[in-house]
Amino acid sequence: VDLPSGITSIGNSSFSGMTIKSLTIPEGVTSIAPYAFAYNEQLEEIVLPSSLRTIGGEAFTCCKALKTVTLPEGVTELGSNVFSYCSSLEKVSLPASLVSMEGNVFSSCPAMKSFEVSPSSTHFAVYDNLLYSADMSELIACPMSHAVGDFVVPKQVKKISEYAFYNNQGITSL
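Nothing here was measured: the structure is a model prediction, and the numbers come from that model.

Participant: Would you mind showing me how to read the pattern of salt bridges here?
Facilitator: For side chains of opposite charge, pairing can occur when their charged atoms come near one another. According to the stated counting rule, one finds two salt bridges in the structure shown. Taking the shortest distance from any N to any O, the salt bridge between E116 and K91 comes out at 2.9 Å. One end of the pair, E116, is in strand β10 (residues 114-117); the other, K91, is in strand β8 (residues 91-94), and 25 residues separate them in sequence. Residue K159 is joined to E138 by a salt bridge in which the shortest nitrogen-to-oxygen separation is 3.8 Å. Residue K159 is found in strand β15 (residues 159-160), and its partner E138 is found in strand β13 (residues 138-141); the two are separated by 21 residues along the sequence. According to the relative accessible area criterion, K159 is partly exposed, its value standing at 49%.

Participant: I keep staring at the layout of surface pockets and nothing clicks. Help me out?
Facilitator: A probe as big as a water molecule, rolled over the atoms, marks out the empty space that is left. Reported here for the largest pocket is a volume of approximately 330 Å³. Taken together, 28 residues make up the lining of the largest pocket; nearest its centre are E102, N104, I140, A141 and S161. Sorting elements by how many residues they give to the lining of the largest pocket places β13 first, with three residues. Tallied by class, residues from the lining of the largest pocket come to 16 nonpolar, eight polar and four charged.

Parameters and conventions
- Residues numbered from 1 in each chain as written.
- Predicted model: local features only at pLDDT ≥ 70, side-chain atom pairs only at ≥ 80, totals over all residues.
- Heavy atoms only, no water.
- Salt bridge = Lys/Arg side-chain N within 4 Å of Asp/Glu carboxyl O.
- Helix = DSSP H or I, 4+ residues; strand = E, 2+ residues; numbered from the N terminus.
- Buried < 20%, exposed > 50% of the residue type's maximum accessible area, 1.4 Å probe, protein only.
- 1 Å grid on protein atoms, 1.4 Å probe; cavity = no way out; pocket = protein on both sides within 12 Å on 5 of 7 lines; lining within 4 Å.
- Points joined across faces, edges and corners; volume = space filled by probe spheres on them.
- Nonpolar A, V, L, I, M, F, W, Y, C, P; charged D, E, K, R; others polar.

Dropping the structure here:
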């Protein structure tokens, strides 16, 4: 798929269920609607523009060949389940501009090894490969591959997000 310049948004389910292997979204696109690229099981690579601000819920859900995602500086919001069920997804890089993530953004991603958060982020942080709010008051996501046996929730944590430990078989006690 060759997307022309001049596009500012990609609508709901626009390219869902296709056989796209590589995707470059052109500069100028500011939003990707829910399910826009969902169920593209052969999608291995996405390049997102610096103009992008929001990605709607489940926009890339079930993109089973996707291995890494780098969200560009400028992205402020991720809808729910954006990258859920991306079974090959190993690494996600989050920009400092990211302000909000709805629930389950990374649920059922068994290959997930690490999150990277911009050091200048004031909203999110990574500690021991788990994703937290910047002040550590909320534990947002624990990668399914994070196998530790006994897990101790840090004292600062006041809230554990829905699906934070979903399908994590490596933790045997809390």
